Amino acid sequence: MRLFLIISSIVFAVLSLIFTILPLGTIAFLPVVLTLIFSLLAFLKSNDKQKILPRIILIISVLNLLVVVGKIVLIKDKVVNDKQFELKKEESKKEDIKDLEGL
Amino acid sequence: MFMKKIFLILLVLQINLVAFSQIKPSEKLVYAASYNMSGLMTQLAQVTMQTETVKTTKKSFLHLSWEAATFSKWDSFFKIRDLYESYVDPASLRPSLYKRSIYEGGYTKTEKYIFSADGKTVSSTMRKKNRPEVKKSFSIGSSTLDIISLIYKIRTLDFTKIKPGQIISYVLVFDEKEYPVSIKFMRNETVSAGNLGKKECSVFSIAAKTDRLKGKDKNLIWFTSDSKKVPVLVRFSIPVGTGQLALSNASGI
């Protein structure tokens, strides 16, 4: 059981790191919370000498959680000023006026 | 007799103004588009709905546009730059020109529909990525609308006269086909409306005979119940999932 919990927490910790790096927003909570649960259970199932690994995973998951919350709170969703798109819109409008003149 | 004529002219003008007053030519509505991923709503893009007056030598048009752009953090993964435009008659909202230009993760498609003066024929030009341009002409009903003018047309309805469960029918032209579309008034509900604060809204369900929309009464639009009839929330259910558009900023209304 302890081994299963440790393997699961490692797998979810890796997924958490990937999800935290990618711009997945709130979805990153899923693997982070699962890592927290599995590593906490593994920590509780371990005797004093075996607690080092689950403790490390637990610390990683807490740090991940802080990063995910920080990204959601501090980084505002923005649309980049796409000059190419703006130019395309301008050209399209000129073409539209030509079409409308013919109606 | 003279007064009667004046009264009639004023009445006609008033009716036209009522239809037009809800859509001002400098309106800008900004939405945050979210997609449901594993049960969590994730903000993906910004959708902007804008109106402006465009004049030609003969006529004046109301230019309605929708623009969708992914937030910068998503651009390197799946960039979206979609532009939907419609040039309509300011009073009747009947479309004269409809354009769709999509860029979704490298895939491109452009469409242009020119509506004939009687509104019964459409000359279309379509181009997909790596495919030749296709020109076509097809017949439509005289009251057929494009997808953009349809939303604005709904806003000209008198919501106070519509009862819950009442269905209003329209015909929509999309992807060179006509689709019957029905909107059903569901209920009144107070929701958050971005910078407008909490607003009482009229909720409508949109149904169309197409595979693009899924579920019964799962495609909903919340319009403010006041005279502006601003669409503040859209919830949609499509074959690949569910999502929503929530108003974040409204100006020029």
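Residues numbered from 1 in each chain as written. Chains lettered and ligands numbered in written order. Predicted model: local features only at pLDDT ≥ 70, side-chain atom pairs only at ≥ 80, totals over all residues. Heavy atoms only, no water.

**Student:** Quick question: what am I supposed to make of the side chain of A:Thr20 here?
**Tutor:** Residue and element names in this part refer to chain A. Of note, Thr20 is situated in helix α1 (residues 2-21). Owing to a relative accessible area of 7%, Thr20 belongs among the buried residues under this scheme. If we skip the residues at most four places from it in the chain, Thr20 touches Ala28, Val32, Asn64, Val67, Val68 and Lys71. (Helix = DSSP H or I, 4+ residues; strand = E, 2+ residues; numbered from the N terminus. Buried < 20%, exposed > 50% of the residue type's maximum accessible area, 1.4 Å probe, protein only. Contact = heavy atoms within 4.5 Å.)

**Student:** It is not clear to me how the pairing of strand β10 (residues 177-192) of chain B should be interpreted in this structure. Could you clarify?
**Tutor:** Residues and elements named next belong to chain B. Pairing of strand β9 (residues 167-174) with β10, which is carried by eight bridges, proceeds in the antiparallel orientation. Each residue of the ladder has a partner; that of Ile167, found in β10, is Lys184. Where β9 folds back on β10, the antiparallel hairpin that results is connected by two residues, among which Asp175 adopts a positive phi of roughly 50°. Pairing of β10 with strand β11 (residues 198-208), which is carried by 11 bridges, proceeds in the antiparallel orientation. Following the sheet pairing, Arg187 is matched in β11 by Val203. Between β10 and β11, which follow one another and run antiparallel, lie five residues, and Gly194 among them has a positive phi close to 55°. (Pairing = 2+ DSSP bridges.)

**Student:** Would you explain the packing of aromatic side chains in this entry?
**Tutor:** Within a pair of aromatic rings, the relevant descriptors are the distance that separates the centres and the angle that separates the planes. Residues and elements named next belong to chain B. Counted under the stated rule, the structure contains nine aromatic pairs over all chains. For the ring pair Phe159 and Phe204, a centre distance of 4.9 Å and an interplane angle of 50° mean the geometry is tilted. A residue pair is termed long-range when its members are at least 10 positions apart, and Phe159 in the loop between α3 (147-154) and β9 and Phe204 in strand β11 qualify at 45 residues. The burial state of Phe159 is the same as that of Phe204; both residues are buried. Ring centres of Phe159 and Phe223 lie 5.7 Å apart, and the angle between their planes is 55°; on these two criteria the pair is classed as tilted. (Phe/Tyr/Trp six-rings, centres within 6.5 Å; stacked < 30°, edge-to-face > 60°.)

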